[in-house]
Amino acid sequence: MAKRIGILALQGDFARHAAMLRMLGVEAVEIRGCEQLDDCDGLILPGGESTTLAKLMDKYRFYEPLRQFARRRPLMGTCAGAILAAAEVDDPRVKPLALIDISVQRNAYGRQVDSFITEVAAPCLGQPPFFRAIFIRAPRIIGCGPETEILISFQNQPVMVRQGNILVLTFHPELTADPRIHHFFLGMTEKREQPSLAGR
Ligand code: GLN
C-alpha cells in the first residue's frame, strides 16, 4: 500500500515537502487539524518561523497529539521543524515538543549571513557522499544527548541528527532536486516502534 506522509501545514514551506514526496510516489497530506494525523505513516514538521508555528500549534492544540504521534511513528523536522522537535530552545517564545534530545540556538549563523548553500559530507546517503545543503536563517544544534546519532555535520557541528524515530536537520532538503533525505526518512517508516523522548 502506498505510504501516506503528513506535513504540518500551519505555516512555512510545507508545499515543497509535499511536492518532493509526491515525486517519490508517496501520498502527501497537508495537516491542518490534529484529527488528520491518525491516517499518516510519518510526519514532517517543515521550515518556517518557529515562533509563529509554536503559537499556531498552541492555538490549534497540536502539542499533545504531535507528542503522541511521535511515540510510535517517524517524524522529520527541518529547520524551524527541528527547533520545534528539540528538547531545548534558546528562545523562551518557542515551546518545543521535546521529541529529541538536542538543544538548539535560533538564527545562529548571524543576521548578515542569512542564507547560504554549501556541500556537506553525507556518507549516510550513499553516493555521492555529499549533499547540497541550503541553510536559511538556520538554527545551530548546540548540544546532543548520548542517545542521539549525528548523521551529518558542518563546521564540526551536527546538522542532521537522529534519535529513534525522530530525524532533524537544520537545512532544507525540500528546496533541492535531491530526494535522498526524504528517501532516508521514508526508510524510517518501514520500521516503526523505535523509542523517542516522547515515549518517556
Ligand atoms: N529562523 C527560523 C526560526 O527560527 C527558521 C528558519 C527556517 O525554517 N528556514 O524559526
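Just above, that's the structure.
What counts as what
- Residues numbered from 1 in each chain as written.
- Predicted model: local features only at pLDDT ≥ 70, side-chain atom pairs only at ≥ 80, totals over all residues.
- Heavy atoms only, no water.
- Helix = DSSP H or I, 4+ residues; strand = E, 2+ residues; numbered from the N terminus.
- Buried < 20%, exposed > 50% of the residue type's maximum accessible area, 1.4 Å probe, protein only.
- Contact = heavy atoms within 4.5 Å.
- Areas by Shrake-Rupley, 256 points an atom, 1.4 Å probe, with all protein chains shown as cover.
- Lys, Arg positive; Asp, Glu negative; His and termini not counted.
- Charge placed at Lys NZ, Arg CZ, Asp CG, Glu CD.
- Near = heavy atom within 4 Å.
- Polar contact = N/O pair within 3.5 Å; in protein donor to acceptor, adjacent residues only side chain to side chain.
- 1 Å grid on protein atoms, 1.4 Å probe; cavity = no way out; pocket = protein on both sides within 12 Å on 5 of 7 lines; lining within 4 Å.
- Sits in = over half its atoms within 2 Å of the grid points.
- Nonpolar A, V, L, I, M, F, W, Y, C, P; charged D, E, K, R; others polar.
- Pairing = 2+ DSSP bridges.
- Axes fitted to C-alpha atoms, helices over the stretch in contact; angles between N-to-C directions.
- Core = buried A, V, L, I, M, F, W, Y, C linked by side-chain atoms within 4.5 Å.
- Salt bridge = Lys/Arg side-chain N within 4 Å of Asp/Glu carboxyl O.
- Phe/Tyr/Trp six-rings, centres within 6.5 Å; stacked < 30°, edge-to-face > 60°.
- Lys NZ or Arg CZ within 6 Å of the ring centre and 35° of its normal.

*Asks:* Any chance you could explain the overall build of the protein chain here in plain terms?
*Replies:* Across its full length, the protein chain holds five helices and twelve strands. Each principal axis of the C-alpha distribution contributes one length, and for the protein chain these read about 40 × 40 × 30 Å. Counting over 200 residues, the protein chain shows a buried share of 55%. Partitioning the intrachain contacts of the protein chain with sequence separation of at least 6 by distance along the chain shows that 65% fall at a separation of at least 24. Entry remark: accessible area of the protein chain is about 9000 Å², with carbon and sulfur atoms responsible for 50%. Taking the average place of the 24 positive charges on the side chains of the protein chain and the average place of its 22 negative ones, the gap between the two points comes to 2 Å.

*Asks:* Help me understand the site of the ligand, please; the structure alone is not making it clear to me.
*Replies:* Lining the immediate environment of the ligand, one finds Gly47, Gly48, Glu49, Ser50, Cys79, Ala80, Ile83, Arg106, Asn107, Ile136, Arg137 and His172. Here an oxygen atom of the ligand and a backbone polar atom of Ala80 are 3.1 Å apart. Contact between the ligand and Arg137: a nitrogen atom at 2.9 Å from a main-chain N or O atom of the residue. Computed on the free molecule, the ligand has an accessible area of 300 Å², of which 96% lies beneath the protein chains in the complex. With respect to the detected pockets, the ligand is housed in the largest pocket. In terms of residue class, the shell around the ligand is made up of four nonpolar, five polar and three charged.

*Asks:* How should the sheet that holds strand β1 (residues 4-8) be read in this particular structure?
*Replies:* To summarise the sheet geometry, strands pair through backbone hydrogen bonds and adopt either a parallel or an antiparallel arrangement. As summarised here, the arrangement of the seven strands in space is β2-β1-β3-β4-β12-β11-β10, forming an open sheet in which the pairing is mixed. Two strands lie at the open edges of the sheet, namely β2 (27-31) and β10 (149-154), each paired on one side alone. Pairs of neighbouring strands in the sheet enclose a mean axial angle of 20°, with direction left out of account. Direction of pairing for β1 relative to β2: parallel, over a ladder of five bridges. Pairing of Ile7 across the sheet is with Glu30, part of β2.

*Asks:* I'm lost on the nonpolar core in this one. Help?
*Replies:* Across soluble globular proteins, nonpolar side chains show a tendency to be buried alongside one another. If you look at the biggest cluster of nonpolar residues, it comprises 35 residues, and the most contacted ones within it are Met57 and Val168. Elements that contribute at least two residues to this core include exactly β2, β3 (42-45), α2 (50-59), α3 (63-72), α4 (80-85), β5 (86-89), β6 (100-105) and β12 (166-169). The biggest single contributor to this core is α4, with five residues. Dropping the residues within four chain positions of it, Val168 is found in contact with Gly77, Ala82, Ala85, Ile100, Ile102, Ile141, Val159, Met160 and Val161. By size, the runner-up hydrophobic cluster in this structure holds 31 residues, among which are Ile7, Val26, Val120 and Ala133.

*Asks:* Please clarify how the pattern of salt bridges should be interpreted in this entry.
*Replies:* Once their charged atoms are close, side chains differing in charge can pair, the charge on each being opposite to the other. A full pass over the atoms with the stated rule returns nine salt bridges. The shortest N-O distance in the salt bridge between Glu190 and Lys3 comes to 2.5 Å. Placement of the pair is Glu190 in the segment after α5 (180-188) and Lys3 in the segment before β1, with a sequence separation of 187 residues. On the accessibility criterion, Glu190 (57% relative accessible area) is exposed. With its nearest N and O atoms 3.0 Å apart, the salt bridge here joins Asp178 to Arg180. Each of Glu49, Asp91, Arg93, Arg106 and Arg137 takes part in a single network of salt bridges with overlapping partners.

*Asks:* What is the right way to look at the packing of aromatic side chains in this model?
*Replies:* Two aromatic rings are characterised by how far apart their centres lie and by the angle between their planes. Applying the stated criterion across every chain yields a total of seven aromatic pairs. Ring centres of Tyr109 and Phe116 lie 5.3 Å apart, and the angle between their planes is 65°; this geometry places the pair in the edge-to-face category. Aromatic side chains Phe131 and Phe171 sit 5.9 Å apart centroid to centroid with 45° between the ring planes, which places their arrangement in the tilted category. Here Phe171 lies in the loop between β12 and α5 and Phe131 lies in strand β8 (residues 130-136), a separation of 40 residues in the sequence. With a relative accessible area of 0%, Phe171 lands in the buried category. In textbook terms, an aromatic cluster arises when at least three aromatic residues are bridged by ring pairs, as seen for Tyr109, Phe116, Phe131, Phe135, Phe154 and Phe171. Across the ring face of Tyr63, the terminal group of Lys95 is positioned such that the distance to the ring centre comes to 4.1 Å.

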